[in-house]
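# A closer look at the structure
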Amino acid sequence: MTVKQFKYSTFKDPQSQLKWLNKGMFASEEKTFNENLKDLKKYPLKPDQLEIFQVNIGYQCNQTCSHCHVDAGPHRTEMMTKEVMGMCVDVIRNNNFKTVDITGGAPEMHKLFRWFVEQISDLVDEIIVRSNLTIIESNKKYHDLPYFFKSHNIRVVSSLPYFEKKRTDSQRGEGVFSNSIKALKRLNQVGYGKSDSDLILDLVYNPSGAFLPDNQENLEVSFKRNLLTNFNIEFNSLLAITNLPISRFLDFLIESDNYEDYMYKLSDSFNPAAINGLMCKNTLSVDWQGYMYDCDFNQMLKLRTADKGDSHISNFNANQLADRTIVTNQHCFGCTAGEGSSCQGVVV
Amino acid sequence: MSYYESKDVRKFGKISDWQKTLGDKFFSWYGEVFKSSALSAKEKSIIALAVSHAVQCPYCIDAYTEDALKKGYTEEQMMEAVHVAGAIRGGATMVHGVQMMNKAQKLSM
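Residue indices follow the written sequence of each chain, beginning from 1 at its first position. Lettering of chains starts at A and numbering of ligands starts at 1, both following the order in which they are written. Owing to the predicted nature of the model, reporting of local features is limited to residues with pLDDT of at least 70; listing and counting of side-chain atom pairs is limited to 80 or more, with chain, interface and lining totals taken over all residues. With hydrogens and water stripped out, all remaining heavy atoms of the structure feed into the side-chain values.

Going along the chain from the N terminus, every DSSP run of H or I of four or more residues is numbered as a helix, and every run of E of two or more is numbered as a strand. A tally of regular secondary structure across chain B gives six helices and zero strands. Across chain B, helices and strands are ordered from the amino to the carboxyl terminus as α-α-α-α-α-α. In this setup the radius of gyration rests on C-alpha atoms only. A globule is expected at 2.2 Å times the number of residues raised to 0.38. Taking 109 residues into account, the globule formula puts the C-alpha radius of gyration at 13 Å, and chain B, at 19 Å, lies well above it. Its C-alpha atoms give chain B principal-axis dimensions of about 60 × 40 × 40 Å. Only heavy atoms matter for contacts: two residues are in contact if any of them lie within 4.5 Å across the pair. Considering only intrachain contacts with a sequence separation of at least 6, the fraction spanning at least 24 residues in chain B is 48%. The accessible surface values rely on the Shrake-Rupley method and a 1.4 Å probe; as for residues, cover is taken only from the protein chains in view. Accessible area for chain B stands at about 8200 Å²; split by element, carbon and sulfur atoms hold 65% of it. Residues scored as charged are limited to Lys and Arg (positive) and Asp and Glu (negative), so that His and the chain ends carry no count. Charge positions are represented by NZ for Lys, CZ for Arg, CG for Asp and CD for Glu. Where the 14 positive side-chain charges of chain B centre and where its 12 negative ones centre are 8 Å apart.

With that settled, the discussion passes to the overall build of chain A. Counting its regular elements, chain A contains 14 helices and eight strands. Relative to its length of 348 residues, chain A is compact, with a C-alpha radius of gyration of 19 Å against a globular reference of 20 Å. Based on the C-alpha atoms only, the size of chain A along its principal axes is roughly 55 × 45 × 35 Å. Buried positions account for 59% of the 348 residues belonging to chain A. A fraction of 74% describes how many contacts in chain A between residues 6 or more apart in sequence connect residues 24 or more apart. Looking at charge distribution, chain A has the averaged site of its 38 positive side-chain charges lying 4 Å from that of its 42 negative ones. Only protein chains enter the accessibility calculation, which uses a 1.4 Å probe; a residue whose area is less than 20% of its type maximum is buried, one above 50% is exposed, and one in between is partly exposed.

Let us now look at the pairing of strand β5 (residues 201-205) of chain A. Residue and element names in this part refer to chain A. Burial of β5 is extensive: five of the five residues sit out of reach of the surface. Where burial is concerned, the two faces of β5 agree: the one with Leu201, Leu203 and Tyr205 and the one with Asp202 and Val204 are both buried. Pairing geometry for strand β4 (residues 155-159) and β5, over four bridges, is parallel. Paired with Val157 across the strands is Asp202, a residue of β5. Classification remark: right-handed applies to a crossover when, strands pointing away from the viewer, the course from the first strand over the helix to the second runs clockwise. On the question of chirality, the crossover connecting β5 to the parallel strand β6 (residues 238-240) by way of helix α9 (residues 216-231) is right-handed. Only when DSSP finds a minimum of two bridges between them are two strands counted as paired.

The working definition used for a salt bridge is a side-chain nitrogen of Lys or Arg within 4 Å of a carboxyl oxygen of Asp or Glu. In total, this model carries 27 salt bridges over all chains according to the counting rule given. For the salt bridge of Glu174 of chain A with Lys165 of chain A, the shortest nitrogen-to-oxygen distance reads 3.1 Å. In this structure Glu174 of chain A comes out as partly exposed when scored by relative accessible area, which is 37%. Between Lys35 of chain B and Glu32 of chain B there is a salt bridge whose closest N-O contact spans 3.3 Å. Members of the salt-bridge network, linked through shared partners, are Asp71, Arg76, Glu78 and Arg248 of chain A.

Once that is clear, we can look at empty space enclosed by the protein. Residue and element names in this part refer to chain A. Here a cavity is any set of points on a 1 Å grid over the protein atoms alone where a 1.4 Å probe fits but cannot get out, and a pocket is any open set with protein on both sides within 12 Å along at least 5 of 7 lines; a residue lines the site when it has an atom within 4 Å of a point. Grid points are joined across faces, edges and corners, and a volume is the space filled by probe spheres set on the points. This structure, assessed with the given rule, holds two cavities of 30 Å³ or more. Of the volumes computed, that of the largest cavity is approximately 580 Å³. What lines the largest cavity is a set of 31 residues, among which His67, His69, Thr103, Ser159 and Arg172 lie closest to the centre. Breaking the lining of the largest cavity down by element, the ones donating at least two residues are β3 (126-131), β4 and α12 (296-300). For this classification, Asp, Glu, Lys and Arg are treated as charged, while Ala, Val, Leu, Ile, Met, Phe, Trp, Tyr, Cys and Pro are nonpolar and the rest, including Gly, are polar. Split by residue class, the lining of the largest cavity holds 11 nonpolar, 16 polar and four charged. Looking at the second largest cavity, its volume works out to about 120 Å³. Lining of the second largest cavity is provided by 16 residues; of these, Leu278, Cys280, Cys295, Cys332 and Cys335 occupy positions nearest its centre. Residue classes in the lining of the second largest cavity are distributed as 12 nonpolar, three polar and one charged.

A cluster of nonpolar side chains, Leu39, Ile47, Val51 and Val55 of chain B, forms an exposed patch at the surface whose accessible area comes to about 330 Å². Residue position: Ile47 of chain B is located in helix α3 (residues 41-55). Residues form patches when they are more than 30% accessible in relative terms and have no salt bridge. Like charges link within 9 Å. Nonpolar side chains (Val, Leu, Ile, Met, Phe, Trp, Tyr) link within 5 Å.

Residue and element names in this part refer to chain A. The sheet built from eight strands is open, its strands ordered β6-β5-β4-β3-β2-β1-β7-β8 with mixed pairing. Strand pairing shows two members of the sheet lacking a second neighbour, β6 and β8 (292-293), which therefore form its edges. Against the sheet, helix α4 (residues 113-120) makes contact with β1 (52-56), β2 (99-103) and β3, and its axis sits at roughly 175° relative to β2, the strand it touches most. As a rule, the C-alpha atoms of each element are fitted with a line to give its axis, helices using only the stretch in contact, and angles between N-to-C directions run from 0 to 180 degrees.

Between chain B and chain A, the contact holds 11 residues from the first and 18 residues from the second. Between chain B and chain A, a total of about 1200 Å² is buried, with carbon and sulfur atoms accounting for 42% of that surface. Two parts lose some accessible area (1.4 Å probe) when they are put together, and adding that loss for both gives the buried area. The largest contributions to the chain B side of the interface with chain A come from Arg10, Glu66 and Lys70 of chain B, which together make up 45% of the buried area. Our count for the chain B to chain A interface comes out at six salt bridges. Residue Arg10 of chain B pairs with Asp268 of chain A through a salt bridge whose shortest N-O separation is 2.7 Å. In terms of residue class, the side of chain B that touches chain A is made up of two nonpolar, two polar and seven charged.

Attention now goes to the state of the cysteines. Residue and element names in this part refer to chain A. Disulfides are defined as pairs of cysteine sulfur atoms found within 2.5 Å of each other. Summed over all chains, the structure comprises one disulfide over all chains. Of all cysteine sulfurs in the structure, the one in Cys65 sits closest to Cys68, which takes part in no disulfide; the separation is 6.3 Å. Sulfur of Cys295: no disulfide; nearest cysteine sulfur belongs to Cys335 and is 6.3 Å away.

Here it is, written out as structure tokens:
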């Protein structure tokens with residue numbers, strides 16, 4: 001498969017991204033995210049009970065998507081060691097997490113991916129794997145992934161920005177759509193996404209540009225009708241996710257002169273009703289080195305949890321984390337716009 | 001600075017500052033118009049895109065282009081909607097050729 005875009009973010013330093021997000025309109029007339037929270041007496045934002053352990057096991061990926069907040073790609077070498085994975089397993093075993101959410105990069109590319117799943121398989125109610133789909137088609141050694149997923153009753157959550165080729169390939173690279181369709185057929189064949197099966201296959205929609213997602217239910221209806229009619233593919237739910245203004249998507253916004261308009265769109269759409277459902281309130285995000293964050297986006301901005309420890313999984317302390325303040329900044333407008341946004345779709 | 005500044009669309013709500021009663025009624029009605037009813041919100045969006053081109057409103061073209069993308073229309077569908085607007089405008093010109101013919105025939109010996 002050829003990759004249309006092979007361009008890593010021009011922002012090498014998370015601090016420079018935060019600087020961008022805090023100048024311009026937010027340095028003058030527009031209320032910052034934290035000022036909005038203060039108006040609602042929700043600042044500082046505090047967590048609820050931790051339920052989801054989201055772990056990014058490495059930034060390597062077979063794709064180089066133009067919107068990727070992880071800045072993932074084939075040449076990324078950051079991968080979690082077995083030692084850190086073991087620390088994660090211990091924390092999962094000794095705490096009451098309901099869900100482990102495994103992400104990357106393409107997490108399946110990690111040589112210890114299957115080992116890690118086997119270690120946690122009996123420890124939680126639900127394991128999510130965020131699969132980009134094309135990894136299943138990329139090499140023979142991955143063709144059996146649907147069977148592996150099934151053997152551990154994994155909930156597969158897969159990105160598919162649109163139900164037709166042009167818009168999908170423009171975001172994710174040439175050939176991604178056709179390979180995604182092939183992978184979805186393989187998943188359907190083992191029972192994933194079928195109405196008579198308990199194997200869950202959800203799709204993730206994120207807009208292919210500088211606009212917000214439409215109503216999630218309406219999009220799901222369109223996706224289901226088109227994928228079934230044109231490709232005989234079934235899935236369970238569509239999760240609509242807003243693109244957050246960081247990493248490659250921030251590059252795109254600036255280069256295309258959409259940055260200011262997009263930030264106004266996010267701040268104008270600020271929905272107080274989304275705050276209580278924010279994923280940072282019940283999720284812990286862990287990076288490949290074992291450092292902890294309030295969400296995957298904070299992970300990419302290197303905004304570690306503001307607990308009293310060193311924010312490393314080796315010193316996990318549930319009480320300290322429960323007492324922490326969630327780290328928020330202008331990118332958080334992406335999670336409170338309209339119906340809200342999280343790794344589980346809308347929150348309102 | 002051009003006559004139409006795209007940023008100005010954010011000030012649309014301010015028309016109520018000078019006439020609150022009518023402004024409020026307009027925005028309430030406008031919001032109601034675009035809700036799903038006998039026509040879906042998605043169908044109304046593509047109608048709005050076509051009409052935006054027919055009336056050549058820059059703000060409306062920006063707004064309903066974005067809305068059509070959000071609602072999942074393809075580029076091909078969006079351009080077909082603009083052709084529909086163009087066909088009606090072109091047709092409206094051409095059909096008046098009948099008036100021209102009627103008048104010319106009446107005036108001529």
